[in-house]
Amino acid sequence: QVQLVESGGGLVQPGGSLKLSCAASGSIFSIHNMGWYRQAPGKQRELVAVIARAGTPQYRDSVKGRFTISRDNAKHAVYLQMNSLKPEDTAVYYCYVRANNRENWGQGTQVTVSS
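Here is a short report on the structure shown in this document. These figures come from a predicted structure and were not determined experimentally.

Details of the state of the cysteines
Going through the model one piece at a time under the given rule, you end up with one disulfide. The disulfide partner of cysteine 22 is cysteine 95, and the gap between their sulfur atoms is 2.1 Å. In this structure the cystine formed by cysteine 22 and cysteine 95 twists about its S-S bond by roughly -80°; its chirality is therefore left-handed. Taken as a pair, cysteine 22 in strand S3 (residues 18–26) and cysteine 95 in strand S9 (residues 91–99) lie far apart in primary sequence, 73 residues in all. Relative accessible area serves as the criterion here: at 2%, cysteine 22 is assigned to the buried category.

Quick look at unusual backbone geometry
A positive phi is found at histidine 76, a non-glycine position, where the angle reads about 55°. Position of histidine 76 relative to the elements: it lies in the loop between strand S7 (67–72) and strand S8 (77–82). Owing to a relative accessible area of 27%, histidine 76 belongs among the partly exposed residues under this scheme. We note that asparagine 100 has phi near 55°; this positive angle belongs to a residue other than glycine. The partly exposed category is assigned to asparagine 100, whose relative accessible area is 22%.

As for the side chain of glutamate 6
Here glutamate 6 is to be found in strand S1 (residues 2–7). The side chain of glutamate 6 is buried and forms no salt bridge, while arginine 45, the nearest opposite charge, is found at 8.0 Å. There is a polar contact of 2.7 Å between the side chain of glutamate 6 and the backbone nitrogen of cysteine 95. Among the polar contacts listed, one links the side chain of glutamate 6 to the backbone nitrogen of threonine 109, at a separation of 3.2 Å. What glutamate 6 contacts, discounting residues up to four positions off in sequence, is Ser21, Cys22, Trp36, Tyr93, Tyr94, Cys95, Gly106, Gln107, Gly108 and Thr109.

The rules behind these values
- Residues numbered from 1 in each chain as written.
- Predicted model: local features only at pLDDT ≥ 70, side-chain atom pairs only at ≥ 80, totals over all residues.
- Heavy atoms only, no water.
- Disulfide = S-S within 2.5 Å.
- Helix = DSSP H or I, 4+ residues; strand = E, 2+ residues; numbered from the N terminus.
- Buried < 20%, exposed > 50% of the residue type's maximum accessible area, 1.4 Å probe, protein only.
- Lys, Arg positive; Asp, Glu negative; His and termini not counted.
- Salt bridge = Lys/Arg side-chain N within 4 Å of Asp/Glu carboxyl O.
- Polar contact = N/O pair within 3.5 Å; in protein donor to acceptor, adjacent residues only side chain to side chain.
- Contact = heavy atoms within 4.5 Å.

By themselves, these figures tell us nothing about what the structure is for.
Given below as structure tokens:
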């Protein structure tokens, strides 16, 4: 079984930055895509960014140029650097890892962008 632990959420002013981290542990035989989703109140969960094991990162249009996803395969970790944050980025952010050919989700971390 794979466990995901997220960290790095919080409250930040518009224009500020946060970095989210997610580490996978447990019986891991293979990891493929890693990514971040978010869900704002009253809205559906949406993909923010995804990165394959050796592929080009992909981002939703609204975060391009502001967010950067990266991964450390040796640590089974994925990160999301968020710059120039906007109030509309406020949401619970979930880490996603496809490991052992199964989908795995983190518990979610709250990101609030407000003055």
